[in-house]
Number of protein chains: 2
Amino acid sequence: MALRHAVLAALLDGEYSGYQLTKIFDIGVSNFWYAAPQQLYAELTKLEADGLVTGREVVQRGRPNKRVFKVTGAGLSELAAFAATPAKPLLIRDDLAVKVHAVDLLDPAPVIEQLHDRARQAAAKLEVFEQLLLRLRGELDEETFLRQGENVGPYLSCLAGCRLERETRAWCLETARTLGERMARAGRETS
Amino acid sequence: MALRHAVLAALLDGEYSGYQLTKIFDIGVSNFWYAAPQQLYAELTKLEADGLVTGREVVQRGRPNKRVFKVTGAGLSELAAFAATPAKPLLIRDDLAVKVHAVDLLDPAPVIEQLHDRARQAAAKLEVFEQLLLRLRGELDEETFLRQGENVGPYLSCLAGCRLERETRAWCLETARTLGERMARAGRETS
DNA sequence: TAGCAGTACTCATGAAGGTGAGTAGTCATG
DNA sequence: CATGACTACTCACCTTCATGAGTACTGCTA
């Protein structure tokens, strides 16, 4: 039961359909969770069966109807209970870091390329997150908003996403540069 | 097949037993992978069956014997193939960020407490990682080591871990402060 | 008017990961 | 000399996650 709470938390921001959640979870809900569409639909079905969310049909013209969901009182209680239990340690799984760890005995070229890819992705996400921050805080500056704003939760978690993406980008670029320089040097010495 | 490569990468640093890997993976192999002991033992068994690692018995006095493993040629090829395939996007799952996202409608007190816990954990990990960096680079300073050192892979991935932990600590403390101040303010206003 | 991209969702399956419980010997501590 | 902590490892089960494939309707574009 983990995706469960992420979905509930996402639905606090408004009513969403499974498809809309797909978009939100695709970029990783401010970077703290990822899920595939099928998982989301399955989870929504379960959540509704458990009475933690309610769905209602929205009739649309020019496109298929959709069912949007919102959190019920029971859902809020569930979230409250969840928030009160000790947090599991941050879970990270990173292919690329594994590759970097092993890079001394491997061909560094593809790893360098992947580092650049990742840096680009991080930059793109960072931009999305920074737009989101602007939208969330409206006309207020950050300090004022954090002091007086209404919904600081999403803002705060998005800040975490920003930090992560910024560091990811910096690390990828530095690491790629380091490996690139070593490759060039090794090339000169062997030739 | 994912833990698989993390285990292979970890075994590049030397021969380790399942139990030793437990310790390494417990703090998260420089923060890029976590696995429970049972998973590691199971994975080692499979890796050995597939000829990617070989084990040998080490007889010990005063404590149980152990089996240590090292990567074979086939294992290295497997890693090389893995390094050449495009990296999966970074996977993050963070309970605490979900809680922060939802904090506006919940009791912030337990969340604040968990943020402090997390900050402490991050500080502890950071210290471990910084010790590891010192050990890895020996007498050289970082720049020289990265230019001329032999095994920079583990160093580089550990740098990623450091960045992550530093940011985690900073974010947790800032977020806890923000939420704490808002709580105090709300308390004054209601009373 | 064929074809493709987008919205919206479902079904099925298997691999990967998580967890509790248990064994067995050694060592230090009170 | 009992208790708990540490090393070292195993078995078994169950949840979660990941993936491919498929349906259906709309609107745009070439």
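Asks: I would appreciate a short explanation of the overall build of chain A in the present structure.
Replies: Across its full length, chain A holds eight helices and four strands. Here chain A has a C-alpha radius of gyration of 21 Å; the compact-globule value for 191 residues is 16 Å, and the former is much larger. C-alpha atoms of chain A, sized along the principal axes, occupy 70 × 45 × 40 Å. Expressed as a percentage of its 191 residues, the buried residues of chain A come to 46%. At a minimum sequence separation of 6, the contacts of chain A that also span at least 24 residues come to 58%. When the accessible surface of chain A is split by element, carbon and sulfur atoms take 53% of a total near 9700 Å². When the 25 positive and 26 negative side-chain charges of chain A are each reduced to one mean point, those points stand 3 Å apart.

Asks: Would you mind going over the sheet that holds strand β1 (residues 16-17) of chain B with me for this structure?
Replies: Consider a sheet: its strands pair through backbone hydrogen bonds, and that pairing is either parallel or antiparallel. Residue and element names in this part refer to chain B. With antiparallel pairing, three strands are arranged side by side in an open sheet as β1-β3-β2. Either end of the sheet is taken by a strand with one partner, and the two such strands are β1 and β2 (53-58). As defined by bridge partners, β1 adjoins strand β3 (residues 66-71) across two bridges and the pair is classed as antiparallel. Note that in β3 the partner of S17 across the bridge is V68.

Asks: Can you walk me through the relation of the copies chain A and chain B in this structure?
Replies: In summary, the two copies of the chain are related to each other by a rotation about an axis coupled with a shift along it. Rotating chain A by 180° and moving it 0.0 Å along the rotation axis overlays it on chain B with an RMSD of 0.1 Å. The transformation relating the two chain copies, once decomposed into turn and shift, fits a two-fold axis. Judged by C-alpha distance, I92 of chain A is the residue of chain A that lies nearest the rotation axis, at 2.4 Å. Both copies present the same face, since 100% of the interface residues in chain A are matched by interface residues at the equivalent positions in chain B.

Asks: Would you mind going over the domain arrangement of chain A with me for this structure?
Replies: By convention, interface size is frequently given as the accessible area that disappears when the constituent parts associate. Residue and element names in this part refer to chain A. Taken domain by domain, chain A comprises domain 1 (3-84) and domain 2 (95-190). The centre of domain 1, based on its C-alpha atoms, is set 28 Å off from the matching centre of domain 2. Listed per partner, the contact involves five residues of domain 1 and ten residues of domain 2. Both faces combined, the contact of domain 1 with domain 2 buries some 540 Å², and carbon together with sulfur accounts for 56% of it. Linking domain 1 to domain 2 there are zero residue pairs in polar contact (both at pLDDT 80 or more). In the side of domain 1 that touches domain 2, the residues fall into two nonpolar, two polar and one charged.

Asks: What is the right way to read the interface of chain A and chain B from this model?
Replies: Facing 66 residues of chain A, the contacting portion of chain B comprises 67 residues. Of the roughly 6400 Å² buried between chain A and chain B on both sides combined, carbon and sulfur atoms contribute 63%. When the buried area of chain A at its contact with chain B is split by residue, R93, H101 and R163 of chain A rank highest and sum to 13% of it. In this assembly, chain A and chain B are joined by 40 residue pairs in polar contact (both at pLDDT 80 or more). Of all elements in the fold, only α1 (3-11), α4 (73-84), β4 (91-93), α5 (95-101), α6 (108-137), α7 (142-148) and α8 (152-190) of chain A reach the threshold of two or more residues within the side of chain A that touches chain B.

Calculation rules
- Residues numbered from 1 in each chain as written.
- Chains lettered and ligands numbered in written order.
- Predicted model: local features only at pLDDT ≥ 70, side-chain atom pairs only at ≥ 80, totals over all residues.
- Heavy atoms only, no water.
- Helix = DSSP H or I, 4+ residues; strand = E, 2+ residues; numbered from the N terminus.
- Rg over C-alpha atoms; globule rule 2.2 N^0.38 Å.
- Buried < 20%, exposed > 50% of the residue type's maximum accessible area, 1.4 Å probe, protein only.
- Contact = heavy atoms within 4.5 Å.
- Areas by Shrake-Rupley, 256 points an atom, 1.4 Å probe, with all protein chains shown as cover.
- Lys, Arg positive; Asp, Glu negative; His and termini not counted.
- Charge placed at Lys NZ, Arg CZ, Asp CG, Glu CD.
- Pairing = 2+ DSSP bridges.
- Least-squares fit on C-alpha atoms with pLDDT ≥ 70 in both.
- Domains from an automatic or database assignment.
- Buried area = accessible area lost by both parts, 1.4 Å probe.
- Polar contact = N/O pair within 3.5 Å; in protein donor to acceptor, adjacent residues only side chain to side chain.
- Nonpolar A, V, L, I, M, F, W, Y, C, P; charged D, E, K, R; others polar.

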